[in-house]
Every structure is written in structure tokens, then in C-alpha cells.
Amino acid sequence: MNGVWIMAGITWREALRRKILWTALVAGALLLAVFAAAMHLQVLEFQGRAMSPFVRYQVEAGMLMIGLYTCDLLAVVLTILTSIDTIAGEIGSGTIQAIATKPVARWQIVLGKFLGFVAMIAAYVAVTYAATIWVARATTGVLPQHPLLGYLLIVFECVIALALTFLFGTWFSTLTNGVLVLGLQGVAFMGGWLEQVSGFSQSVHIVTLGIASSLLMPGESVWRRAAYELQTQLAGSLSFSPFANVSIPSLLAMGYAAAYLAVALGVAVWHFQRRDL
Amino acid sequence: MTASADFAIETHNLRKAFGPQVAVRDLSFVVPRGEIFGFLGPNGAGKSTSIKMLLGLVRPTSGSATVLGAPLGDVEVRRRIGFLPEDFRFYEWLTATELVRFHGRLAGMSAGRLRTRVPEVIDMVGLASHRDRKLRGFSKGMLQRIGLAQAIVHEPELVFLDEPTSGLDPMGRRMVRDILRAERDRGATVFLNSHLLSEIEVTCDRVAFIKDGAIATVRELGAGWQDEVRVAVRADGVTDAAVSGLSRWTTWARLDGPELRFGASSEQVLPEVVRHLVGAGADIFQVTLDRMSLEDVFVQLVGEDRGL
Ligand SMILES: Nc1ncnc2c1ncn2[C@@H]1O[C@H](COP(=O)(O)OP(=O)(O)O)[C@@H](O)[C@H]1O
Ligand SMILES: [Mg+2]
């Protein structure tokens, strides 16, 4: 088990030294500034207007959701970009050879790297997520309903993408890996919105298509569950919001996502274990 | 065959095919413990693939082998094995010290041992003044040195080196040679892959020639490894009687005008031969020793047309 921690440690240290993490943090900070400005303008706009606190709250909560969704997208992109070459790249360059000939089983190498990335993602999301909530609170006073659960679900969504980059990384080159995972992420994105739309349109075909996409890559459905957990009944009931709780992914869907993650990681380990390096 | 405890490595009909491409055809050999064993062959002969099979990086298509008594793929035995890959890349964002420490930890070394051992090996490979520099700025030769440090930091019983001197200057080559000898003197077995004859010739105790994925021959090296030394003597006044009197020391002798040629089992006989000839009234102008070099053996086996 020691090997797992050594590999997790080196992966974590590598992540901290990568420019991409800091670039993503800068990007996050810029988006946060835009978000803060928007929130502030909204507050000014509402000032002195006679409006029901109910509508006002709904609008502000909706904006918070936009901020958090941005946070989520950025985290997923960071996850994919940092991890696509960790396995494929090290096999390609031969870096893995001096490591895989140490008294460390191959599954420990994969698991260690995986945990190192999970730690990096969890830290990154914690920072951007907390900052977004803080800005919303400071400007308007709105707060998400279940912030911790929301946070965990966002990290969960990223970790699903991570398992996919590991899975394809044991088979393909870095480039192919990136194309595949981003492609699947696109499918998930489509699936999520199709399901959302189907809530209004009632089209059976769209529902089926949405479900099929979410089965193929359940990442986005996890975000939609997060959105549900983050919003109060009140805010979530607003039917014109893109984050309205029209079709809430069930706990079964979350169970499916967890199983999907476990299978992807399991197959990655299995294949890495038996392939030539 | 002796008990396998005497052998660091034993292979039986190892074979590796990458699809239709056969990298190693049929490999059977043993490596005695405590020797520097040279694995010599032209590019593409299957040397690297052989090492990778022995280290569990590549799965053989068929055949079997034991390394330090353990079957291929055994994880625990790797505690006692070191490896310098051929085209190695390491995390270049680490410093020399950090990289060697990382590999030492992976090899299962304790923190206390690492504290003293890491600076020691970095010093051994001649990088003491660069120990806190990032590997990003290292030259190929310096990386090769740090790779060597990484391979021996945990004092393994068996060290595999795949073309360890390819990026090194003459001083670096000498350092590698000295380190390999020191490793052997400490009791370690060294498995050295190389396509450089000269390197194998001066470093190894034994050499296996590999050609087209199979062992062509195994030779013991060291002083007088050749079957025969050939000598040419330019002299005046050599009589037939003097020539036939040489048979005490030589395997054959032939007088060819002013040139006397003979073969002997060792150059040790030369002073006696010269004394004998002078005693028989000959005037000697020149004695030339014609060694059969490893290169001759290599070329004979591999054929001149194949590039090294
Ligand atoms: N992963 C691989 N896939 C396909 N062919 C390979 C692979 N590795 C090695 N080979 C082929 O196997 C042969 C032996 O290669 P190698 O063991 O690297 O030789 P050497 O180290 O003696 O130069 C070469 O013809 C090489 O092209
Ligand atoms: Mg090679």
C-alpha cells in the first residue's frame, strides 16, 4: 500500500508544479471577477424597485447557479487536461519503465496516480467553489442549500472524467485519449440538456436520447443532481431557469454514475496490469 | 546444470512477438551470480526486449525464466533489482536529489537510509555539485548518470543496464565502468546491454552474443579469453631446427621467408620463445602480437554487412 501513497504524493506534487493548474486558477479568478461584477450590477438594478422578495431571491439564486456551473465546467476541463497524459505520456516516453520495475504492483501505480489527481481536483474545486459562494453571499446574501453535498457531487463529476482519461490512457496516445474523453464529455453535456428539455417537451424520443447519452457518460447528470441539491425548493421551482428541477436525476442515476466510475477505473487497472510497457 | 541458486538469471526458450514482428525468437541462457554479464548484439537484435521481459515490463509470448530465483512478474523480488532503461525519461521537474529519493522510496528504502545513501550515490556518479538542480537543465550524459544513481541507490543484488554509456563522454564511460566493477566487487550481478564491443570487452566477465533474437554464443572474457594468440616474428637466420624446437610452446609454427609465424595458447610463452630463437642464432627485429579481438568474433557471427 506504501507504493500507492508514494505515487499519489508525486502526482500531487507534479500537479502543483504544472502551469495548467495555476492557469486554471487564474481563469477561475477572472470568471469570479466577472461573476462578482454581474452580481453587483444585479443588486444595483434591483435597488429602489418595487419587487417581491420571492422573485428577487429567485433571480439571485439563479445567478449563483450560473456561477457554480461555470466553476463545475472549469473543473471538468482542468481534470481532463491535466490527466490525459499521465498514463499515455509516461508509457510513450518510457518514464514508467523505471517506476514499474520497482517493488510496486501496477495497480498501485494506477491507484496512486488516481488518488493524487483526486486530491488536486478536490483542492481546486474547494477554492473556486468556496470563492463563488462567498461572492454571492457578500453581494446578495443568497446561499446554496446543501453546499457540502453540492461540492462533493461536483468533485464526483470530475472524478468520473478522470477515470475515463485513465481508462483510455492505458490504450491510446495522449491525443486520442483527449479526443475521446472530450467527445464523451460532449455527449454527457448533450444528454443532460436533452433530459432537461424533455421535461418541457414531453417527447419520448428526446427522453430516450437523453437517457442513452447519460448512460454513455453520466457526468452531466451528476451536475444536475448537484444543481438540485444546491437550490432551495423555492429557487428550483422557477421553471424558466435552465437549472430548474424539471427532471432530477434519481439516486439510482447517482448509483449508476458511481458504478460507471468504478468500472472505468477497474478496467483501467486491469488493462494497465497486463499490457506491455 | 548446477542448482539455480548459483544463477542470478535463468531463461528457458523465451520468446516475444509483437504481432507478426518477432523481437526475441528463442532465448535460453544463464547468468552466474557475481559477474558482469554482457549482452551484445546489433541494433534490433532483441536486447532491450529481453531485459524488459526479465523485468516484467513485457510479457513473453512463450517460455519461462527466473530472476534471483523468482518467476517473471514477481513484485517483491524487485526490491533486490535495479534498472537503468535505455531511453529513459524521468520527471524533469524534480531535482537530482528528489529524483533519486523518489526511486529509493519506491524501492522500499527507509527515510534514515535515504538520508545518507542518496548524497552518496549522487557523488558516486559525479553529480555532487548539481544535486539540487532540476533535471530539466541536465544534458543527456548527466541524465544518464542520474539514471545510474537511481538504479543502484538501493544496493540491488542484480542491476540491469540498457546501453548505459550511449550519451556519455569518455570520462563518463570510465565512471560507468568503475561503478559497475564496484557493484560486482560488492557482490552484485550486473547485466549490461550494449552494442559497443569495446565497452563489453573491457568491462564484462562473460558475454553473450545475441543475433536475430537468439543467443549465438557465450564467451568468458578476462585476461587470455581468446582460444589462441597469433604471433608474427621478423627475424634473420632462423633455422628449420629452431622452428621445430618451438613446439614446446606453440600450437603451430611456420617459417615464411623473413617472417616466422606461430600460434600459442597464451602470450606468457613469448619470452621463452624469443630466448630460444636468439639462442639458436637468430637476429630478431620485430615481434607482433595478433589478438583475435571480440570484434573479430562479433563480425564472424553477425556478418560484416549488418550495421552495429
Ligand atoms: N513494442 C514493440 N512493438 C513492435 N515491435 C517492437 C517493439 N519493441 C521492439 N520491437 C521490435 O523488436 C525488435 C527488437 O527490438 P529491441 O529489443 O529494442 O532490440 P535492441 O535493443 O537489441 O536494439 C526490433 O525489430 C524492434 O523493432
Ligand atoms: Mg535496445
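A brief structural summary. From a predicted model like this one, the values you see are computed outputs, not experimental measurements.

**Examining the packing of aromatic side chains**
No. 1: Scanning the model with the defined rule gives 14 aromatic pairs over all chains in all.
No. 2: For the pair B:Phe29 and B:Phe39, a centre-to-centre distance of 5.4 Å together with 35° between the ring planes defines the contact as tilted. With B:Phe29 in strand β2 (residues 21–32) and B:Phe39 in strand β3 (residues 36–40), this pair connects stretches of sequence that are 10 residues apart. The burial state of B:Phe29 is the same as that of B:Phe39; both residues are buried.
No. 3: Taking the centre distance of 5.6 Å and the plane angle of 25° together, the rings of B:Phe37 and B:Phe191 count as stacked. Pair noted here: B:Phe37 is in strand β3 and B:Phe191 is in strand β8 (residues 189–194), with a separation of 154 residues, a long-range link. When sorted by exposure, B:Phe37 lands in the same class as B:Phe191, which is buried.
No. 4: Taken together, the aromatic side chains of B:Phe29, B:Phe37, B:Phe39, B:Phe160 and B:Phe191 make up a single cluster linked through ring pairs.
No. 5: Sitting over the ring of A:Phe272, A:Arg106 keeps its end group 5.9 Å from the ring centre.

**A look at the pairing of strand β7 (residues 158–162) of chain B**
Residue and element names in this part refer to chain B.
No. 1: With five of five residues buried, β7 lies mostly within the body of the structure.
No. 2: Here β7 shows two buried faces, one formed by Leu158, Phe160 and Asp162 and the other by Val159 and Leu161.
No. 3: Note that strand β6 (residues 81–84) and β7 share four bridges and pair parallel. Bridged to Ile81 within β7 is Leu158.
No. 4: The pairing of β7 with β8 spans five bridges and is classified as parallel. Its bridge partner lying in β8, Phe160 is registered against Phe191.
No. 5: With helix α5 (residues 170–185) bridging β7 and its parallel neighbour β8, the resulting β-α-β unit is right-handed.

**Concerning the pattern of salt bridges**
No. 1: Summed over all chains, the structure comprises 18 salt bridges over all chains.
No. 2: Here A:Arg13 ties to B:Glu98 by a salt bridge, and the two come within 3.2 Å at their closest N and O atoms. Pair noted here: A:Arg13 is in helix α1 (residues 2–17) and B:Glu98 is in helix α2 (residues 96–106), and the two residues belong to different chains.
No. 3: Salt-bridge contacts for A:Arg17 lead to B:Glu98; the nearest nitrogen and oxygen are separated by 3.6 Å. Here the residue A:Arg17 occupies a position in helix α1, and B:Glu98 occupies one in helix α2, the pair thus bridging two chains.
No. 4: One network of salt bridges, with partners in common, ties together A:Arg13, A:Arg17 and B:Glu98.

**Quick look at the coordination of the magnesium ion (ligand 2)**
Residues and elements named next belong to chain B.
No. 1: Here the magnesium ion (ligand 2) is held by Ser48 (OG), Glu86 (OE) and Glu86 (OE), and the distances to it run 2.1 to 2.8 Å. Linking Ser48 in helix α1 (residues 47–54) with Glu86 in the loop between β6 and α2, this pair joins segments that are 38 residues apart in sequence.
No. 2: With relative accessibility at 33%, the residue Glu86 sits in the partly exposed group.

**Quick notes on the site of ligand 1**
Residue and element names in this part refer to chain B.
No. 1: All residues in the neighbourhood of ligand 1 are listed as Phe18, Gln21, Ala23, Pro42, Asn43, Gly44, Ala45, Gly46, Lys47, Ser48 and Thr49.
No. 2: One nitrogen or oxygen atom from the main chain of Lys47 is found 2.8 Å from an oxygen atom belonging to ligand 1.
No. 3: Contact distances for ligand 1 include 2.6 Å between an oxygen atom and a side-chain N or O atom of Thr49.
No. 4: Among the elements of the structure, β2 and α1 are those that each provide at least two residues to the shell around ligand 1.
No. 5: At three residues, α1 tops the list of elements feeding residues into the shell around ligand 1.
No. 6: Considering only residue class, the shell around ligand 1 consists of four nonpolar, six polar and one charged.

**Points about the sheet that holds strand β13 (residues 259–264) of chain B**
Residues and elements named next belong to chain B.
No. 1: Spatial strand order, β12-β13-β11-β14: four strands in an open sheet with antiparallel pairing. Strand pairing shows two members of the sheet lacking a second neighbour, β12 (250–256) and β14 (283–290), which therefore form its edges. Across the sheet, the mean angle separating the axes of adjacent strands is 20° when strand polarity is ignored.
No. 2: Inspection of the sheet shows strand β11 (residues 229–236) paired to β14 by seven bridges, in the antiparallel sense. Its bridge partner being in β14, Val233 is matched across the sheet by Val287.
No. 3: Packed onto the sheet, helix α8 (residues 270–279) meets β11, β13 and β14 and runs at close to 155° relative to β14.

**Brief notes about the nonpolar core**
All names here are of chain B.
No. 1: In terms of nonpolar packing, the biggest core is built from 148 residues, with Phe160 and Phe191 touching the most fellow members.
No. 2: Once residues lying within four places of it in the same chain are set aside, the contact partners of Phe160 are Ile9, Ile51, Leu54, Leu55, Ile81, Gly82, Phe83, Leu84 and Phe191.
No. 3: Counting residues in each nonpolar core, the second largest holds 17 residues, with Val231, Val233, Val243 and Leu270 among its members.

**Quick look at the interface of chain A and chain B**
No. 1: Counting residues at the interface gives 26 residues for chain A and 27 residues for chain B.
No. 2: Together, the buried faces of chain A and chain B total about 2500 Å²; carbon and sulfur atoms form 60% of this surface.
No. 3: For the chain A face of the interface with chain B, the top three residues by lost area are A:Thr101, A:Lys102 and A:Pro103, together amounting to 25%.
No. 4: The tally of links from chain A across to chain B stands at three salt bridges.
No. 5: B:Lys16 is the salt-bridge partner of A:Asp276, the closest N and O atoms lying 2.8 Å from each other.
No. 6: One can count 15 residue pairs in polar contact (both at pLDDT 80 or more) joining chain A with chain B.
No. 7: Every element with two or more residues in the side of chain A that touches chain B is listed here: α1, α3 (53–93), α4 (95–100), α5 (106–139) and α11 (251–274) of chain A.
No. 8: The element contributing the most residues to the side of chain A that touches chain B is α1(A), with six residues.
No. 9: Residue composition of the side of chain A that touches chain B, grouped by class: 10 nonpolar, six polar and 10 charged.

Quick notes on the rules
- Residues numbered from 1 in each chain as written.
- Chains lettered and ligands numbered in written order.
- Predicted model: local features only at pLDDT ≥ 70, side-chain atom pairs only at ≥ 80, totals over all residues.
- Heavy atoms only, no water.
- Phe/Tyr/Trp six-rings, centres within 6.5 Å; stacked < 30°, edge-to-face > 60°.
- Helix = DSSP H or I, 4+ residues; strand = E, 2+ residues; numbered from the N terminus.
- Buried < 20%, exposed > 50% of the residue type's maximum accessible area, 1.4 Å probe, protein only.
- Lys NZ or Arg CZ within 6 Å of the ring centre and 35° of its normal.
- Pairing = 2+ DSSP bridges.
- Right-handed = clockwise from strand over helix to strand, strands pointing away.
- Salt bridge = Lys/Arg side-chain N within 4 Å of Asp/Glu carboxyl O.
- Donors = N, O, S within 2.8 Å, 3.2 Å for Na, K, Ca; no water.
- Near = heavy atom within 4 Å.
- Polar contact = N/O pair within 3.5 Å; in protein donor to acceptor, adjacent residues only side chain to side chain.
- Nonpolar A, V, L, I, M, F, W, Y, C, P; charged D, E, K, R; others polar.
- Axes fitted to C-alpha atoms, helices over the stretch in contact; angles between N-to-C directions.
- Contact = heavy atoms within 4.5 Å.
- Core = buried A, V, L, I, M, F, W, Y, C linked by side-chain atoms within 4.5 Å.
- Buried area = accessible area lost by both parts, 1.4 Å probe.

Nothing here speaks to function; it is geometry throughout.
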